[in-house]
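# Breakdown of the fold
Below are the chains, spelled out letter by letter.
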Amino acid sequence: QWVKSALDNEQWEAVKRAALAALAEELPRVKPSPFKGHAVEALATVYTLTDSHVGMLAWGEETGEDWDLKIAEATLVGCFEQMVLASPPAAVGFVNQLGDYLHYDSAISPVTPTNQHVLDADGRMPKMVRTAIRVLRRVVDLALQKHERVVLLLAEGNHDIAGSVWLRAMFSALYEAEPRVTVIDSEMPYYAYQHGRTMLAFHHGHLK
């Protein structure tokens, strides 16, 4: 009789983190860029993106509105461009991605991680991953043009528990050499950031 061994959740999370750290070692780093604008040190601008569900597929005749990878990319990038353009020249730009950025986690089938609910997905997981990374890169680049310092929060959601882990590992490595970018690399589902006398508290889908 062959009994297959199993890893408990804590061991499995440790294995995933180790694998992601190893992969991130080979990732090219973004070079530092000087800030050429004017910044007001007392100000911080919070840009909140939540429940974007990049990778979801919706048919307008059934749901009222279409949604797919192309629409998600155009909508999120276009929205962020307008927000950055309209924001004051704050010293800090806080990119506040509050979870469910990705529609699903599995490379085998589009289901929710916990309850295995079947989801409508636009194409394969690699397409979703490429689009999601491209959008976030564009968002951070736009924030760097506007603000002296950028803080990036990539919170976990119930649709992207694993996705949030590798996104944090990837973007922490990607901007490791750029002192103007800080990635909040925390496994906790609750987050806090203080700028001056103002304290911001975050958890999935909410800002206080």
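Above this text sits the structure in question.
### Describing the overall build of the protein
Looking only at helices and strands, one finds 5 helices and 7 strands in the protein. Expressed as a percentage of contacts within the protein between residues at least 6 apart in sequence, the contacts between residues at least 24 apart total 75%. Total accessible area on the protein stands at roughly 11,900 Å², and carbon and sulfur atoms take up 57% of it.

### Observations regarding the pattern of salt bridges
For the structure shown, the criterion picks out 4 salt bridges. Put simply, E148 and R149 hold a salt bridge, and the shortest N to O gap is 3.7 Å.

### Re the packing of aromatic side chains
Scanning the model with the defined rule gives 3 aromatic pairs in all. Where F94 meets Y193, the ring centres are 5.0 Å apart and the plane angle is 55°; that geometry is what we call tilted. Of this pair, F94 sits in strand β2 (residues 90–97) while Y193 sits in strand β5 (residues 190–195), placing them 99 residues apart in sequence. Judged on exposure class, the residue F94 and its partner Y193 are both buried. Ring centres of F171 and Y175 lie 6.2 Å apart, and the angle between their planes is 20°; this geometry places the pair in the stacked category. Assessed through its relative accessible area of 0%, F171 is described here as buried.

### Comments concerning the pairing of strand β6 (residues 198–203)
Here β5 runs beside β6; their pairing, made up of 6 bridges, is antiparallel. Its bridge partner being in β6, Q194 is matched across the sheet by M199. Hairpin connection between β5 and β6: a loop of 2 residues separates the two successive antiparallel strands, and G196 in this loop has a positive phi of roughly 65°.

### Quick notes on the sheet that holds strand β3 (residues 149–154)
The sheet built from 4 strands is open, its strands ordered β1-β2-β3-β4 with parallel pairing. Each of the sheet's edge strands pairs with one partner strand only, and the pair in question is β1 (40–49) and β4 (181–184). Direction aside, neighbouring strands of the sheet carry axes that sit 15° apart on average. Pairing between β3 and β4: 4 bridges, direction parallel. Residue L153 lies in a different strand from β4, and its bridge partner there is I184. With respect to the sheet, helix α3 (residues 69–86) is in contact with β1 and β2, its orientation differing from that of β1 by roughly 160°. The strands that helix α4 (residues 125–146) touches are β1, β2, β3 and β4; relative to β3, the one it contacts most, it runs at about 155°.

### Re the side chain of H195
With respect to the helices and strands, the residue H195 is situated in strand β5. In this structure the side chain of H195 is engaged in a polar contact, spanning 2.9 Å, whose partner is the backbone oxygen of E41. A polar atom in the side chain of H195 sits 3.4 Å from the backbone oxygen of L43. Look past the residues within four positions of H195 in its chain and what remains in contact with it is E41, A42, L43, A44, V92 and R149.

### A look at the side chain of S87
With respect to the element layout, S87 can be found in the loop between α3 and β2. Looking at S87, the relative accessible area reads 9%, which means it is buried. For S87, the contacting residues outside a window of four places in its chain are T45, Y47, K146 and H147.

### Observations concerning the environment of M128
On the secondary structure map, M128 appears in helix α4. The class of M128 is buried, set by a relative accessible area of 0%. Separated by 74 residues in sequence, M128 and V54 have C-alpha atoms that sit 6.6 Å apart. Residue contacts for M128: discarding those within four places in its chain leaves V54, G55, L69, L102, H103 and Y104.

What counts, and where the lines are drawn
- Residues numbered from 1 in each chain as written.
- Predicted model: local features only at pLDDT ≥ 70, side-chain atom pairs only at ≥ 80, totals over all residues.
- Heavy atoms only, no water.
- Helix = DSSP H or I, 4+ residues; strand = E, 2+ residues; numbered from the N terminus.
- Contact = heavy atoms within 4.5 Å.
- Areas by Shrake-Rupley, 256 points an atom, 1.4 Å probe, with all protein chains shown as cover.
- Salt bridge = Lys/Arg side-chain N within 4 Å of Asp/Glu carboxyl O.
- Phe/Tyr/Trp six-rings, centres within 6.5 Å; stacked < 30°, edge-to-face > 60°.
- Buried < 20%, exposed > 50% of the residue type's maximum accessible area, 1.4 Å probe, protein only.
- Pairing = 2+ DSSP bridges.
- Axes fitted to C-alpha atoms, helices over the stretch in contact; angles between N-to-C directions.
- Polar contact = N/O pair within 3.5 Å; in protein donor to acceptor, adjacent residues only side chain to side chain.

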